Amino acid sequence: MRIGYGIDFHQLVEGRDLVIGGITIPHSKGALGHSDADVLLHAICDALLGAACLGDIGVHFPDTSSEFKNIDSKILLSRVKELITAEGYSIVNIDASLCLEKPKIKPYIPAMQEAIASILGIGLRDISIKATTTEKMGFVGREEGLVAHAVCLIQRSI
């Protein structure tokens, strides 16, 4: 068994959709990035890649490549699953935390779990997603950005 950790940050700006966990969430701001800037899926990708010792999301999907411009991060997560499967690993579970002031995330967690589970081929109870604020402190508290942390456990497939 191997454990992996991922973290991702994105700036919040007006005029972009807010995509988190593979779903679009109504909000006045969205995350800025080369892809759809799905902070949660990016952190999960990094956790999975790290657990398999395959580098990070930037190694496989560089933001300097036009191939990944505005790409749906669900595609990136699917490709990461293919990479770790090719190395002989399967996913045991994922535990993730989102950090943002607004909007409230709890109502969207089941849809995020469903989206992630369908991509990774694991159960809903194998994906934990939590959310917190920074109590108005720092760039997250000022609603300038958001952060996601993810940890995963993978095992050698038999």
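First, a word on what this report is: a plain description of the structure on this page. (Residues numbered from 1 in each chain as written. Predicted model: local features only at pLDDT ≥ 70, side-chain atom pairs only at ≥ 80, totals over all residues. Heavy atoms only, no water.)

**Some details on the packing of aromatic side chains**
Evaluated as defined, the whole model comprises 1 aromatic pair. On the numbers, 6.3 Å between centres and 45° between planes, the contact of Phe-9 with Phe-139 is tilted. A residue pair is termed long-range when its members are at least 10 positions apart, and Phe-9 in strand β1 (residues 2–14) and Phe-139 in helix α5 (residues 138–141) qualify at 130 residues. Its relative accessible area of 45% is what places Phe-9 among the partly exposed residues. Above the face of the Tyr-89 ring, Arg-156 is positioned so that its terminal group lies 4.3 Å from the ring centre. (Phe/Tyr/Trp six-rings, centres within 6.5 Å; stacked < 30°, edge-to-face > 60°. Helix = DSSP H or I, 4+ residues; strand = E, 2+ residues; numbered from the N terminus. Buried < 20%, exposed > 50% of the residue type's maximum accessible area, 1.4 Å probe, protein only. Lys NZ or Arg CZ within 6 Å of the ring centre and 35° of its normal.)

**What to know about the pattern of salt bridges**
Counting across every chain of the model gives 5 salt bridges. Ionic pairing is found between Glu-67 and Arg-79, a salt bridge with its closest N-O pair at 3.5 Å. Placement of the pair is Glu-67 in the loop between α2 (57–60) and α3 (73–86) and Arg-79 in helix α3, with a sequence separation of 12 residues. Overall, Glu-67 belongs to the exposed group, its relative accessible area being 51%. What makes Arg-79 partly exposed here is its relative accessible area of 31%. Lys-74 serves as the salt-bridge partner of Asp-72, at 3.0 Å between the closest nitrogen and oxygen. (Salt bridge = Lys/Arg side-chain N within 4 Å of Asp/Glu carboxyl O.)

**Let's talk about the side chain of Gln-113**
If you trace the backbone, Gln-113 turns up in helix α4 (residues 109–120). Those residues in contact with Gln-113, other than ones at most four positions away along the chain, are Leu-124, Ile-127 and Ile-129. (Contact = heavy atoms within 4.5 Å.)

**Notes on the environment of His-42**
Looking at where His-42 falls in the secondary structure, it is placed in helix α1 (residues 39–51). Sequence separation between His-42 and Gly-30 is 12 residues, and the spatial gap between their C-alpha atoms is 15 Å. When near neighbours in sequence (up to four residues on either side) are disregarded, His-42 contacts Asp-8, His-10, Ser-35, Asp-36, Ala-37, Ile-57, Ser-73 and Leu-76. In this structure the side chain of His-42 is engaged in a polar contact, spanning 3.3 Å, whose partner is the side chain of His-10. (Polar contact = N/O pair within 3.5 Å; in protein donor to acceptor, adjacent residues only side chain to side chain.)

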